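# Observations on chain architecture
Each chain, written out:
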Amino acid sequence: MTGREQTQHVTRNTQHTLHLAVLSAYLLLTAVMTWPLVTQLTTAIPGDGFDGWQNYWNQWWIKVALVDRLQNPFQTDLLYYPTGVGLYFHTLNPFNGVTTLPVQLSLGLIPAYNAVVFLSWSLAGYGVYLLVRWLLRTAPDRVIPNAPFAISHSLAAFIAGAIFTFSPFHMAHLLGHMQVMSLQWIPFYLLYLLRAMAQQRTGKSWWRSALLAGGFLTLTGLCDWYFVLYLFFFTGLLLLWELGVSARRYGIGKRWLALPLPPLLAGIVMLVILSPLLVPMVREATQFSFMVRPTSDLYTLSATMADFLIPNRLHTLSRPESFTWPGNQLAPVSERTLAIGYTALLLALLALWRSWRASRFWLVCALLFLLLALGPAWHWATITQAAIPEAGVTAVSWTPFALLNATIPFMRISRSVSRYALMVQLSVGVLAGLGIAWLLQRQGTVTTLLLSSGLLAAVLFESWVAPFPMSPPDTPAFYQEIAQMNNVGAILNLPMNYDRPGYLLYQTVHQKPLTVAYISREDPRTLTERVPLLQHFRHLGPDIIAADPVQLAPTVLHDLGIGLVIQDRYKMPGGLERSYTETLANAIFAEEPPLYADDRITVHQVQPLAVAQPYLMLGALDWGPLTVDAAGTHVRQLLGSAALQFMHVAPAAQLTLRYRTLPNVELDLCSSDGTHLLMTLPPAPSGTRVTVDLDELGESAQAAGGQPVDVTMGIMLQPRSAAAVWIEEVGLLP
């Protein structure tokens, strides 16, 4: 081996040792910063005990789908039984479920969940470390000498990674948002995209770096689609920047036209690999709108400037008083903990002062995503309820977010606007790394180590949240017994006036279908808002369907395949939530002793159905949300052609309908498939009630062959004008 070969061999070994040391250091710091997680790896998950259990269920379901059932994990019949539900717009983050399968199969679900934390925090820091080291080696104004393993390079890059991965933003989402905490692939995508474009710009082979960028973009999509949107904007900004620089230096020619090729190849790689997910998502998004949240969410979940500039809201020394500090006063604390950190800001300013050419792009990037995080209306110090537009009110806005939201297809599906702060934090972290490199460039070894240690300590102190809240599972012991029962049917958990992820936790134990569940986007095709009894439990009172829930309960429970109804008193501490739920449940099972009862839960087993009772249910689409008007009347607006579906209804039954319309707007009653007009109801600006015989209604229209139209399965309500008809009550008479 020649002297040069020996040097290269030593260099490679040194490089491998350095990278292993960096990863180990991030892993160790993760254990420190998330304390006491490392002491409870098998007994609890970090967080507030809410959304964390949803992601816990995600990992369990990935195992059930891929190992036990060998089926598509993006469709399940274990939630919202019997219809089931699609999970394409649910935060399933399949990357985490798949990569932690060995941990789950060998050690259990809790260790698998906690493995994601250590993986995400360590790799996120390491990704920024690699990115900043590369930037320092290729900086146009060379902030330090280009020594391959200069200690100042490594220390600056390491602290930059710590700024990013231990940022208050990242630590806040440890409360339960696994898809958001899994941000580790973003810096890797940035690194390889920047490398590919630099290689393409200088005439070198760039396709390998572009393919790697596409691979990391794919991994990002398997964690969180929000991040793909952010990287789409980053890529657009970078491309515009590179096109501008190239045009200024070389003019517009072949070199200029070839610049988009690396990001184009990266995007194609992601689209091809993830097409099995993207195709059904696009299909659903073009047919339905349930994945688009109300416009008010965009205002409620935006950031203010104060959220970026105040200290860490979750800091051990200031919480919980810090939850009321200036900033957004409406969003959950995890969505408004966005503090950049004063140490990072000062170091970023130093980079802008002393290394302008290397820093200016990252300044523009930080400013762009800062403006996006501020949302459709800019607020400097606070967001209160008075700033949120009322439902149905269209607010005109010209902010960058509002313009892009109105222009970019499917962008309206995202709702947590403040999460654009992630890219602000990343940009500031990069700038801080450049600033640290300049600061250390002329220092001696001892001074460099002392100064770096002080800066790292300052960064970690600002992000300090330990002891972090931990959530051990609180599953009642009886669910273990349910797991041993055969042919028990679905479980209806009460209360259900809002979705509770704890029921998902319990399902990982009993493994029976759930009638009502909790996913990221409510799908109107499920039955929660459509069927009497479920509606009553949901709204703690009647919906627009006139029905006695106690009388209908045996039939509805039978039709939905429900075998057990479980009341959990720990989840309904008091008020109407408890009084209504318990009163209705006790009335339904008044003559039947419970299967099991203790101080927390009461379990009733549904008995075989003797006689089915007729009832109706709302169709899946175009029913507006339940509202209560000034007179206390329950109302649903028709947003389009909405169905009424009939169950166990005889032809001689009568339909009663109370409705009101705008002036001169008629309401058509049509066959269930919408092909036959059965009756036209007159305008009713003051409201009116009609009663219709179903057999006469069917005879009023002729199907093929001259036979009456069968309306015993249901009818369609078709307003002559959109959003101009309100249904106040609908019912059946025998």
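Residues numbered from 1 in each chain as written. Predicted model: local features only at pLDDT ≥ 70, side-chain atom pairs only at ≥ 80, totals over all residues. Heavy atoms only, no water.

## So, the nonpolar core
Threshold: Nonpolar cores were defined as sets of buried Ala, Val, Leu, Ile, Met, Phe, Trp, Tyr and Cys residues, with membership established by side-chain atoms within 4.5 Å. Only protein chains enter the accessibility calculation, which uses a 1.4 Å probe. A residue is then buried if its area is under 20% of the maximum for its type, exposed if over 50%, and partly exposed in between. Working definition: helices are DSSP H or I runs of at least four residues, strands are E runs of at least two. Numbering for both runs from the N terminus.
In this structure, F234, F308, W362, F369 and Y420 are the most contacted members of the largest nonpolar core, which totals 169 residues. The leading source of residues in this core is helix α5 (residues 109–138), at 18 residues. L626, F646, A653 and L697 belong to the second largest nonpolar core, which has 34 residues in total.

## Things to note about a nonpolar patch on the surface
Where we set the bar: Patch building starts from residues that exceed 30% relative accessible area and form no salt bridge, then joins like charges within 9 Å and nonpolar side chains (Val, Leu, Ile, Met, Phe, Trp, Tyr) within 5 Å. A 1.4 Å probe and the Shrake-Rupley method give the accessible areas. Residues count as covered only by the protein chains that appear here. Salt bridge, as applied in this entry: a Lys or Arg side-chain nitrogen positioned within 4 Å of an Asp or Glu carboxyl oxygen.
On the surface, L261, L264, I268, V272 and I273 cluster together into a nonpolar patch covering about 450 Å² of accessible area. Note that V272 resides in helix α13 (residues 261–273). On the accessibility criterion, V272 (57% relative accessible area) is exposed.

## Let's talk about the pairing of strand β17 (residues 667–671)
Under the convention used in this document: For two strands to pair, DSSP has to find at least two bridges joining them.
The element β17 is largely enclosed, with a buried count of five among its five residues. Of the pairings in the sheet, the one linking β17 to strand β18 (residues 677–681) comprises four bridges and is antiparallel in character. If you follow C670 over to β18, its bridge partner there is L677. Remark: five residues form the turn of the hairpin made by β17 and β18, two consecutive strands paired antiparallel; G674 in that turn has positive phi of roughly 80°. Direction of pairing for β17 relative to strand β20 (residues 714–719): antiparallel, over a ladder of five bridges. Its bridge partner being in β20, L667 is matched across the sheet by P719.

## Concerning the side chain of Q200
This is how it is decided: Contact criterion: two residues are considered in contact whenever any of their non-hydrogen atoms come within 4.5 Å of each other.
If you trace the backbone, Q200 turns up in helix α9 (residues 185–201). Those residues in contact with Q200, other than ones at most four positions away along the chain, are W206, R255, A258, L259 and P262.

## Focus: unusual backbone geometry
The omega torsion across W35 and P36 is 15°, close enough to zero to call that bond cis. Note on placement: P36 falls in the loop between α1 (3–33) and β1 (45–46). A cis amide bond links R319 with the next residue in sequence, P320, at an omega value of 0°. As for its placement among the helices and strands, P320 is situated in the loop between α16 (305–309) and β4 (327–328).

## Focus on the sheet that holds strand β9 (residues 562–568)
An order of β7-β9-β11-β10 is seen for the four strands of this open sheet, with the pairing classed as mixed. Only two strands of the sheet have a single partner each, and these edge strands are β7 (490–494) and β10 (596–597). Note that β7 and β9 share five bridges and pair parallel. Across the sheet, A490 pairs through a bridge with I562, a residue of β9.

## A word on the environment of V128
Among the secondary structure elements, V128 is positioned in helix α5. Sequence separation between V128 and A160 is 32 residues; the distance between their C-alpha atoms is 6.7 Å. Setting aside residues no more than four positions away along its own chain, V128 makes contact with A160, G161, F164, P187 and L426.

## Structural notes on the pattern of salt bridges
Where side chains of opposite charge bring their charged atoms close, a pairing between them can arise. Under the definition given, this model contains 24 salt bridges. The shortest N-O distance in the salt bridge between D297 and R415 comes to 3.1 Å. Taken together, the residues span a long stretch of sequence, with D297 in helix α15 (residues 295–300) and R415 in the loop between α20 (400–407) and α21 (421–440) at a distance of 118 residues. Overlapping salt bridges, with partners in common, bring together D499, E522, E529, R538, D543 and R636 in one network.

## Topic: the sheet that holds β20
Basically, it comes down to this: With axes taken as lines fitted to C-alpha atoms, and helix axes fitted only over the stretch in contact, angles between N-to-C directions fall between 0 and 180 degrees.
Across the sheet, five strands lie side by side as β12-β15-β20-β17-β18; this open sheet has antiparallel pairing. Strands at the two margins of the open sheet, each flanked by one partner only, are β12 (615–618) and β18. Within this sheet the neighbouring strands show an average axis-to-axis angle of 25°, counted without direction. Sheet analysis places β12 next to strand β15 (residues 642–647), joined by four bridges and oriented antiparallel. When the sheet's bridge partners are listed, L618 is paired in β15 with L644.

## Structural notes on the packing of α5 against α21
In plain terms, the rule: These descriptions rest on fixed angle ranges, namely under 35 degrees for roughly parallel, over 145 for roughly antiparallel, 65 to 115 for roughly perpendicular, and the rest for oblique. Crossing handedness: left-handed means the near helix sits turned counterclockwise from the far one by under a right angle, and right-handed means the same turn made clockwise.
Two elements in contact, α5 and α21, have axes separated by 10 Å at closest approach and are oriented at 50°. In terms of their interaxial angle, α5 and α21 are classed as oblique. Between α5 and α21 lies a crossing whose hand is right-handed. Two secondary-structure elements touch here, α5 through V128, L131, V132, L135 and L136 and α21 through L426, V430, G433, L434 and A437.

## Re the packing of aromatic side chains
Let me state the cut-off plainly: Each Phe, Tyr or Trp ring, with Trp reduced to its six-membered ring, pairs with another whose centre is within 6.5 Å; inter-plane angles below 30 degrees give stacked pairs, above 60 give edge-to-face pairs, and intermediate values give tilted ones. Two conditions define a charge sitting above a ring: the NZ of Lys or the CZ of Arg must be within 6 Å of the ring centre, and it must be within 35 degrees of the ring normal.
The tally for this structure, following the rule as stated, stands at 30 aromatic pairs. Between F234 and F361, the ring centres sit 5.8 Å apart and the planes meet at 80°, which makes this aromatic pair edge-to-face. Residue F234 is located in helix α11 (residues 225–250), and its partner F361 is located in helix α19 (residues 356–373); the two are separated by 127 residues in the primary sequence. Here F234 matches F361 in class, with each residue buried. Taken together, the aromatic side chains of Y226, F227, Y230, F232, F233, F369, F401 and Y420 make up a single cluster linked through ring pairs. The ring centre of W353 lies 4.9 Å from the NZ or CZ of R354, which sits over that ring.

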